[in-house]
Amino acid sequence: MADLSLKQSIDAGAKPQDARRFQWGKWLLVAFVFGYLALILLVPALNVFIQALKAGLPGLVDTFTSKFFLNAVKLTVIATAITVPLNTVFGLCAALSLANKNFPGRSLLISIIDLPFSISPVVAGLMLVLLFGNRGWFGPLLDASGIKIIFALPGIVMATIFVTMPFIAREVLPALEEAGTQQEEAAATLGATPWQTFWRVTLPSIKWSLLYGLILCNARAMGEFGAVAVVSGNIVGKTQTLPLFIEEAHVQYNTQAAYTAALLLACLAVVTLVLKYLLERSAGIQHRGH
């Protein structure tokens with residue numbers, strides 16, 4: 001009994017000390033995470049804002065009124081405006097065909113959709129060049145038809161579509177699998193057409209996942225560099241998107257233009273993060289409400 005009481009007293013005395021050690025370890029871990037994020041993300045982002053605003057309003061106006069900058073913004077917007085709707089349609093079709101269905105090759109199809117996540121964008125751009133370039137598989141046929149893909153807008157759009165292809169499908173697919181097919185089957189039993197079922201039953205159940213995927217797809221499309229750099233040729237004033245404009249301005253020691261253009265992309269990134277947070281919060285509130 002005496003040994004048991006001694007052991008209990010030792011354990012009781014050790015618990016507060018263990019708790020203090022755990023608290024110290026937890027705060028050290030949190031401090032390490034914040035320090036790492038500050039070193040890798042926050043400090044570089046803050047430096048972009050400082051360098052872009054160093055020259056004041058005249059420096060911003062000079063860059064924002066430059067014809068090369070405006071052409072880069074225009075090309076980025078056009079490529080994004082084409083890419084996002086096409087990938088939205090593809091992502092919805094892919095998710096609807098895969099959700100709650102088992103068929104031979106399903107896992108392979110999912111792996112193919114995820115392929116852009118595992119392939120370097122530069123390699124993706126090179127594959128497009130090998131297919132549609134002047135010496136590529138389809139190059140002579142395209143030249144004979146007067147169609148130019150590489151070093152032109154079609155190549156930029158194809159490269160952007162490739163790197164952003166999985167976002168919509170991978171966000172919508174889990175939502176469809178979680179929702180199940182009971183409501184759709186009930187709608188069909190009541191006489192609803194497939195389109196009515198999609199618009200009134202399926203789409204409302206996946207709207208938050210779809211919007212989340214749209215935000216991610218749009219952000220990646222605007223900021224894509226590697227694949228676009230390979231297929232566009234980075235021709236100033238013609239095939240230069242905004243990320244390529246930033247790289248070219250930096251190489252040419254035009255730091256004011258580089259940081260100002262980077263400031264625009266950084267602001268778009270902040271807007272994306274805010275929208276992402278609002279969507280996650282809205283989706284969480286709706287989920288708790290149900």
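Residues numbered from 1 in each chain as written. Predicted model: local features only at pLDDT ≥ 70, side-chain atom pairs only at ≥ 80, totals over all residues. Heavy atoms only, no water.

Caption draft 1: Highlighting the overall build of the chain. When its secondary structure is counted, the chain shows 14 helices and zero strands. Looking at the 290 residues of the chain, the share that counts as buried comes to 32%. In the chain, the proportion of contacts linking residues at least 24 apart, taken out of those at least 6 apart, comes to 72%. (Helix = DSSP H or I, 4+ residues; strand = E, 2+ residues; numbered from the N terminus. Buried < 20%, exposed > 50% of the residue type's maximum accessible area, 1.4 Å probe, protein only. Contact = heavy atoms within 4.5 Å.)

Caption draft 2: Quick look at a nonpolar patch on the surface. Among the surface-exposed residues, Leu29, Phe32, Val33, Tyr36, Leu37, Leu39, Ile40, Leu41 and Leu42 lie close enough to one another that they form a single nonpolar patch of about 940 Å² accessible area. Relative to the elements of secondary structure, Leu42 occurs in helix H1 (residues 2-53). By relative accessible area, which is 55% here, Leu42 ends up exposed. (Patch = residues over 30% accessible without salt bridge, like charges linked within 9 Å, V, L, I, M, F, W, Y side chains within 5 Å. Areas by Shrake-Rupley, 256 points an atom, 1.4 Å probe, with all protein chains shown as cover. Salt bridge = Lys/Arg side-chain N within 4 Å of Asp/Glu carboxyl O.)

Caption draft 3: The pattern of salt bridges, seen in detail. Per the stated rule, a full pass over the model turns up three salt bridges. For Arg106, the salt bridge identified is with Glu177, shortest N-O distance 2.9 Å. Of this pair, Arg106 sits in helix H4 (residues 106-113) while Glu177 sits in helix H9 (residues 166-179), and the two are 71 residues apart along the sequence. Given a relative accessible area of 16%, Arg106 falls into the buried group.

Caption draft 4: Summary view of the environment of Val129. Tracing the sequence through the fold places Val129 in helix H6 (residues 121-132). Of the residues examined, Val129 reaches a relative accessible area of 24% and is grouped as partly exposed. Along the sequence, Val129 and Gly139 sit 10 residues apart, while their C-alpha atoms lie 9.0 Å from each other. Contacts of Val129, omitting those with residues within four sequence positions, involve Gly136, Ile150, Val230 and Val231.

Caption draft 5: Geometry of unusual backbone geometry. Even without glycine at this site, Phe151 takes up a positive phi of about 65°. Mapped onto the elements, Phe151 comes out in the loop between helix H7 (139-145) and helix H8 (153-164). Of the residues examined, Phe151 reaches a relative accessible area of 39% and is grouped as partly exposed. A positive phi is found at Asn234, a non-glycine position, where the angle reads about 55°. Looking at the element boundaries, Asn234 is found in the loop between helix H12 (226-232) and helix H13 (242-251).

Caption draft 6: Structural context of the packing of aromatic side chains. Summed over the entire model, instances satisfying the criterion amount to eight aromatic pairs. Centre to centre, the rings of Phe69 and Phe245 are 5.7 Å apart; their planes meet at 70°, and the pair counts as edge-to-face. In this pair, Phe69 sits in helix H3 (residues 67-98) while Phe245 sits in helix H13, placing the two residues 176 residues apart along the sequence. You'll find Phe69 and Phe245 in the same group, each marked buried. Between Trp195 and Phe198 the ring centres are 6.3 Å apart and the planes differ by 85°, which places this aromatic pair in the edge-to-face class. Of the two residues, Trp195 and Phe198 are both situated in helix H11 (residues 194-223); the distance of three residues between them amounts to about one turn of the helix. Under the relative-accessibility criterion, Phe198 is labelled buried at 15%. An aromatic cluster is present here, built from Phe64, Phe69 and Phe245 joined pairwise through their rings. (Phe/Tyr/Trp six-rings, centres within 6.5 Å; stacked < 30°, edge-to-face > 60°.)

Caption draft 7: Local environment of the nonpolar core. If you look at the biggest cluster of nonpolar residues, it comprises 20 residues, and the most contacted ones within it are Leu92, Val172, Leu176, Ile206 and Leu210. Of all the elements in the fold, those that place two or more residues in this core are H3, H4, H9 and H11. With seven residues, the single largest contributor to this core is H9. Filtering out sequence-adjacent residues up to four positions away, Leu210 remains in contact with Thr88, Leu92, Ile168, Val172 and Leu203. Formed by 15 residues, the second largest nonpolar core is a distinct cluster that contains Ile149, Ile156, Ala159 and Ala227. (Core = buried A, V, L, I, M, F, W, Y, C linked by side-chain atoms within 4.5 Å.)

Caption draft 8: A look at helix H2 (residues 56-64). Listing the buried residues of H2 in full gives Gly59, Leu60 and Thr63. The buried residues of H2 occupy an angular sector of 95° when projected down its axis, which confines them to one face. Along H2, exposed side chains directed more than 90 degrees from the buried face belong to Leu57, Pro58 and Asp62. (Arc of directions from axis to C-beta.)

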